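Understanding the architecture of this molecule
Listed below are the residues making up each chain.
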Amino acid sequence: MAVRVGMIGTGWVARARHIPSFASHRDVQIVGIYDRHLEHARRLAEDVPSARPVADLDELFALGPDVISIATPPWSHAELAIAAFEHGAHVFTEKPMAMHTVEADAMVTASQRADRMLCVSHNFLFSRAVAAGRRFIADDPVRYAVGVQLSSLKRRLPSWYQDLPGGLMFDEVPHLLYLLDHFIGPLEVEHARFRGSAGSEPRTAEVLLGGAAPGQITMVFDAPVSEWQVVLSSDRGVVALDLFRDIAVRVQPDGAHRAGDILRTSAKAVLDHTTGFVASGTRLALGRSFWGHDVLIHRFVDATLGRGPVPVTSEQALRVVAVADRLVSELAEVPARR
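Residues numbered from 1 in each chain as written. Predicted model: local features only at pLDDT ≥ 70, side-chain atom pairs only at ≥ 80, totals over all residues. Heavy atoms only, no water.

1. Thoughts on the overall build of the protein
Helix and strand counts for the protein come out as 11 helices and 13 strands. Computed over C-alpha atoms, the radius of gyration of the protein comes to 21 Å, within 12% of the 20 Å expected from 2.2 N^0.38 for 338 residues, which places it in the range of a compact globule. Principal-axis analysis of the C-alpha atoms places the extent of the protein at approximately 70 × 50 × 35 Å. For the protein, the residues scored as buried account for 51% of the 338 residues in total. Here the analysis covers contacts within the protein between residues at least 6 apart in sequence; of these, 65% occur between residues at least 24 apart. (Helix = DSSP H or I, 4+ residues; strand = E, 2+ residues; numbered from the N terminus. Rg over C-alpha atoms; globule rule 2.2 N^0.38 Å. Buried < 20%, exposed > 50% of the residue type's maximum accessible area, 1.4 Å probe, protein only. Contact = heavy atoms within 4.5 Å.)

2. Description of the packing of helix α7 (residues 168-184) against helix α10 (residues 314-332)
Remark: α7 packs on α10, axes separated minimally by 9 Å, with the N-to-C direction vectors making an angle of 130 degrees. With respect to α10, the element α7 is oriented oblique. Judged by the twist between their axes, the crossing of α7 over α10 is right-handed. Every residue of α10 that contacts α7 at Met-169, Phe-170, Val-173, Pro-174, Leu-177, Tyr-178 and Asp-181 is listed here: Arg-319, Val-320, Val-323, Ala-324, Leu-327, Val-328 and Leu-331. Residues belonging to the contact of α7 with α10 are distributed by class as follows: 12 nonpolar, no polar and two charged. (Axes fitted to C-alpha atoms, helices over the stretch in contact; angles between N-to-C directions. Parallel < 35°, antiparallel > 145°, perpendicular 65-115°, else oblique. Left-handed = near helix turned anticlockwise from the far one by under 90°. Nonpolar A, V, L, I, M, F, W, Y, C, P; charged D, E, K, R; others polar.)

3. Some details on the pairing of strand β10 (residues 215-220)
What you see with β10 is a clean split: Gly-215, Ile-217 and Met-219 sit on the buried side and Gln-216, Thr-218 and Val-220 on the side with no burial. Bridging between strand β7 (residues 142-150) and β10 involves six bridges; their strand directions are parallel. Residue pairing in the sheet places Val-148 in a bridge with Thr-218 of β10. Alignment of strand β9 (residues 204-210) against β10, held across six bridges, turns out to be antiparallel. Of the residues in β10, the one forming a bridge with Leu-209 is Gly-215. (Pairing = 2+ DSSP bridges.)

4. Here's the deal with the nonpolar core
Ranked by internal contacts, the top residues of the largest apolar core, which has 70 residues, are Phe-22, Ile-33, Met-169 and Leu-241. Apart from residues no more than four positions distant in its own chain, Met-169 is found in contact with Pro-174, Phe-194, Pro-202, Ala-205, Met-219, Phe-221, Leu-327 and Leu-331. If you look at the next biggest cluster of nonpolar residues, it comprises 27 residues, including Ala-78, Ala-84, Ala-98 and Met-107. (Core = buried A, V, L, I, M, F, W, Y, C linked by side-chain atoms within 4.5 Å.)

5. Focus on the packing of aromatic side chains
Within the structure shown, the criterion is met by five aromatic pairs. The interplanar angle of 45 degrees and the centroid separation of 5.7 Å between the aromatic rings of Phe-92 and Phe-300 together place this pair among those described as tilted. Here Phe-92, found in strand β5 (residues 90-93), pairs with Phe-300, found in helix α9 (residues 293-304); they are 208 residues apart in sequence, far enough to count as distant. Grouping residues by exposure puts Phe-92 and Phe-300 together as buried. Connected via pairs of aromatic rings, a cluster forms that spans Phe-22, Phe-92 and Phe-300. (Phe/Tyr/Trp six-rings, centres within 6.5 Å; stacked < 30°, edge-to-face > 60°.)

6. With respect to helix α6 (residues 128-137)
Three or more residues of α6 are buried, namely Ala-129, Val-130, Ala-132, Gly-133, Phe-136 and Ile-137. Relative to the axis of α6, the buried residues are bounded by an arc of 160 degrees and lie together on one face. The elements touched by buried residues of α6 are β7, α7, β11 (227-234), β12 (237-242), β13 (247-251) and α8 (259-285). (Arc of directions from axis to C-beta.)

7. Section: the pairing of strand β1 (residues 3-8)
Burial within β1 is extensive, with five of its six residues counted as buried. For β1 and strand β2 (residues 28-34), the ladder comprises six bridges, and the chain directions are parallel. Within β2, the residue paired with Val-5 across the bridge is Ile-30. Since β1 and β2 lie parallel, the crossover through helix α1 (residues 12-23) that links them has a hand, and here it is right-handed. Two strands pair when backbone bridges link them, and β1 and strand β4 (residues 67-70) are joined in this way by four bridges, in the parallel orientation. Note on β4: the bridge partner recorded for Met-7 is Ser-69. (Right-handed = clockwise from strand over helix to strand, strands pointing away.)

8. Here's the deal with a nonpolar patch on the surface
Taken together, the side chains of Val-231, Val-238 and Val-251 define a hydrophobic patch exposed on the protein surface, amounting to about 170 Å² of accessible area. Structurally, Val-238 can be placed in strand β12. Owing to a relative accessible area of 32%, Val-238 belongs among the partly exposed residues under this scheme. (Patch = residues over 30% accessible without salt bridge, like charges linked within 9 Å, V, L, I, M, F, W, Y side chains within 5 Å. Areas by Shrake-Rupley, 256 points an atom, 1.4 Å probe, with all protein chains shown as cover. Salt bridge = Lys/Arg side-chain N within 4 Å of Asp/Glu carboxyl O.)

See below:
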């Protein structure tokens, strides 16, 4: 039996991530695409013959979708998800999950009341880089975790990010939060520092985190290049997760740090990066790079069919929203302290 999917939103993430990932699952049929501008829905539906383009939500729900996929600005997620639950559909939604914990809690309550699944797109958890990082670390506990994000404002960005509290920080920090929550969480904010605030948008953010191990996040929002990296330190060595290139590099313990030790660890790191770059580059050239969206969405579809658990639990998602809430609150106090 096919899982009938209704798509809400027609922007880049819907076109390049959600729809290809759902469409590549053998048990999925995309039955409808909604956008309040019908011409946008029609344009996207040209590549999905089974999908009916609609500009009315009731018309989308009338198609009887088993799953609603939400790829709209964050302030619409809660309302759309709750409506989907009321119509008996499971929900897959983009991050940020919601604008604050009150909305996020309402989404979870609605999913429980309807006995439907809610899954937030924590896609990098299912990327090849993170999977390799887990293998490298195995059962060895992470002793320290660092997330670094450099964002160039010249790259592709959502047109609406400046309308968010904290601007680009609010839109992008969930990626680093859910990754660090996975490796050292649950997280607590111990200290946050913001610089270069223009209104509510920082130019830099530095966050010290507590969890099972300490962690740190550094974000720069006007960098000349875009780089997203997570570095994990354990007794087995250090693992660097290059999220954009979808590569994991392991640096093993270097003993006395003599010349031979340095050459050995350097050679291993270069080998990991080179083989990872070739594999990732090949997938990118062939149009097969989805940075975990495909694996996550396939597992979500399987969960709706009773073939496994929901891949991102509501508890995980709520923890990320709670930390993001704390950062927005800290940021709001910056002008007052100055």
